[in-house]
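Structural description and commentary
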Amino acid sequence: MATLKQGEFVGSLDCGTTSTRFIIFDKYADIVAQKQLEFPQYYPEPGWHEQNADEIMDSCNTCIEEAMVALEAAGYTKDSVKVIGITNQRETAVAWSRKTGKPLCPAIVWDDSRTKNVVAHYEHKLADTGIEVNGEVKKGEEGIKALRHLTGLPISTYFSAIKLRWMIQHHDNVRKAFEEDDVLFGTVESWIVYRLTGGLEGGLHITEITNASRTLLLNIHTLQWDSSLLKFFDLKDSILPKIVSSSEVYGKISSGALKGVPIGGLIGDQQGALVGNKCLKEGEAKCTYGTGAFLLFNTGADIVESAHGLLSTIAYQDGPNAKPMYALEGSIAVAGSAIKWLRDSMYLVSSAAEVNTLAASVPNTGGVYFVTAFSGLLAPYWDPGAAGLLIGLSSYTTPAHIARATLEANAFQTRAILESMKLDSKTDLKHLKVDGGMTNGDMVMSILADIGGFEVIRPEMREYVFHFTSCSTFRNVVWLTIVPLVGLPLWALLSWRAPPSVFTVGTSANPRLSQK
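The structure contained in this document is the topic of the report that follows. (Residues numbered from 1 in each chain as written. Predicted model: local features only at pLDDT ≥ 70, side-chain atom pairs only at ≥ 80, totals over all residues. Heavy atoms only, no water.)

Scanning the model with the defined rule gives 20 salt bridges in all. E132 is the partner of K231 in a salt bridge, and the nearest nitrogen-oxygen pair spans 3.1 Å. With K231 in helix 8 (residues 227–232) and E132 in strand 8 (residues 131–133), this residue pair connects regions lying 99 residues apart in the sequence. Look at K231 and you get exposed, because its relative accessible area is 55%. For E132, a relative accessible area of 35% puts it in the partly exposed group. Residue K340 is joined to D344 by a salt bridge in which the shortest nitrogen-to-oxygen separation is 3.3 Å. Residue K340 and its partner D344 are located together in helix 10 (residues 336–344), separated by four residues, close to a single helical turn. Accessibility expressed as a relative area gives 38% for K340, which makes it partly exposed. (Salt bridge = Lys/Arg side-chain N within 4 Å of Asp/Glu carboxyl O. Helix = DSSP H or I, 4+ residues; strand = E, 2+ residues; numbered from the N terminus. Buried < 20%, exposed > 50% of the residue type's maximum accessible area, 1.4 Å probe, protein only.)

This is the structure:
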């Protein structure tokens, strides 16, 4: 048997909405080994989307173990992985028992819309009772502005505190545990870190700052859980995790193939993609097209409060003592999931890749338009009651027209967000960096360029969410010495070897799309 080599690698664990991936990178950001697994999704009622937190964790453990086997097969020892980082689907809410370490109920996924009545309750409370801020009660429009100022967010089914309130109200065991102070609450990275670091045996209960900023409970100015918000949403701070930065050593993995390896980076997946695309300067933007689509615009050290339906959010915090960077965000609930719907529910295609081929077979949609509001509309409309709409059908309509209309729907929603960003930032975007699985198709990128009226820049490696976790963890290990400038983040130095693809206006062969 050949002697295994000793390497110096970084592991990156991404727990997305539908799958988990663990990738092992070398110092040039080349992939050495990897494993990806889908995990089950549950849709028990219209508008509901649940996951089993134990199944999420099982997929993480399996991906790690099998990637480590692949690492040895590639000729390297397991201890070549020096540190890992974690990125995750945001807003998905997990509640588990402090006493048992077990989930108390199914996790409620970020795009779940069952909480409309909870939203209506707190909107009514904000209008009539108001929210107390610094001893002063703010009601009505003042209350809405006060809450947006504290959190950067509107009250919506999208955010984690609303999901937690639903759990408490509708699951007896969660309500009982909440009353007995037996609940530990967190987003997905919080749950994964808790389990990786030991669970009941000393597991850490922490949450990273960009994920915390998606709960409706974080004051994005002070970077702390806010007592005014906790009181308003009828919650208590004892159930909440400790807030940590995006880049520091939090603890070590307690068991398995990575036992003793430190966890050195955490970040929400969309913010990870922002950094991975090197949108580090004020005015730079990216959009990730996965299950949903998420457009983030770097606003630097300043919080820009949107007047046009966007979110003010934390982009990243480069260490526990660093100042945070902020962003404007526009979120689209349905992007790649619309293609999955064409495949799994409508049977128009047998694979996601076929959608691009089918759409390219016709020069236009034949008058068909598709509003993919499967769980309401997020930015910039914030309409939880919106429903999907497919219009313009005729005897002329074919599956190809519907496929193309699905791709156009994604582009129209992106353009609506960019128009809002232009108004808020006073910046006219000339190009948009993109990533995510949906960007693999040339046709969808060409349609996006035409409808948006800007250049679309697609990197060779589409899954940029991994690049942050590998980059942020690099900074926390003394063995890596490739950063030549003191204090300069590694991710600012990375340059990928393959040039990006650029899609310009007019490349979809449909001139009507580029008309503004």
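Moving on: the layout of surface pockets. Estimates place the volume of the second largest pocket at around 490 Å³. Around the second largest pocket, the lining is made up of 25 residues, and of these E123, I144, R148, P154 and I155 lie nearest the centre. Taken together, the elements giving at least two residues each to the lining of the second largest pocket come down to helix 2 (116–128) and helix 3 (140–151). Counting residues per element, the lining of the second largest pocket draws most heavily on helix 3, at six residues. Grouping the constituent residues of the lining of the second largest pocket by class yields eleven nonpolar, eight polar and six charged. (1 Å grid on protein atoms, 1.4 Å probe; cavity = no way out; pocket = protein on both sides within 12 Å on 5 of 7 lines; lining within 4 Å. Points joined across faces, edges and corners; volume = space filled by probe spheres on them. Nonpolar A, V, L, I, M, F, W, Y, C, P; charged D, E, K, R; others polar.)

Before going further, it helps to spend a moment on the sheet that holds strand 15 (residues 251–252). With respect to topology, six strands assemble into an open sheet ordered 3-2-1-5-16-15, the strand pairing being mixed. Every other strand in the sheet has two partners, leaving strand 3 (31–38) and strand 15 as the edge strands with one partner each. Examined bridge by bridge, strand 15 and strand 16 (residues 262–268) share two bridges and lie antiparallel to one another. Looking at the pairing, G251 lines up with I263 of strand 16. (Pairing = 2+ DSSP bridges.)

Okay, helix 5 (residues 172–179) next. Residues of helix 5 that are buried: V174, A177 and F178. Buried residues in helix 5, looked at end-on, bunch into an arc of 100 degrees, giving them a common side. Those residues of helix 5 that are exposed and angled more than 90 degrees off the buried face are D172 and E179. Those residues of helix 5 hidden inside the fold are in contact with helix 4 (160–170) and strand 10 (183–186). Downstream of helix 5 by one or two residues, D181 has phi in the positive range, about 60 degrees. (Arc of directions from axis to C-beta. Contact = heavy atoms within 4.5 Å.)

Moving on, we come to the environment of N364. Within the secondary structure, N364 is located in the loop between helix 11 (353–360) and strand 21 (369–371). Considering only alpha carbons, one finds N364 and R404, 40 residues apart in sequence, at a separation of 7.1 Å. For N364, the side chain forms a polar contact with the main-chain nitrogen of G366, separated by 2.9 Å. (Polar contact = N/O pair within 3.5 Å; in protein donor to acceptor, adjacent residues only side chain to side chain.)

Trans is the prevailing form of peptide bonds, just as negative phi is the prevailing case for residues other than glycine. With an omega of -5 degrees, the peptide bond running from A379 to P380 counts as cis. Structurally, P380 can be placed in the loop between strand 21 and strand 22 (389–391). Even without being a glycine, N134 presents a positive backbone phi close to 55 degrees. Relative to the helices and strands, N134 is located in the loop between strand 8 and strand 9 (136–138).

This paragraph deals with the side chain of E50. As for its placement among the helices and strands, E50 is situated in strand 4 (residues 50–51). A distance of 3.1 Å separates the side chain of E50 from the side chain of R114, its partner in a polar contact.

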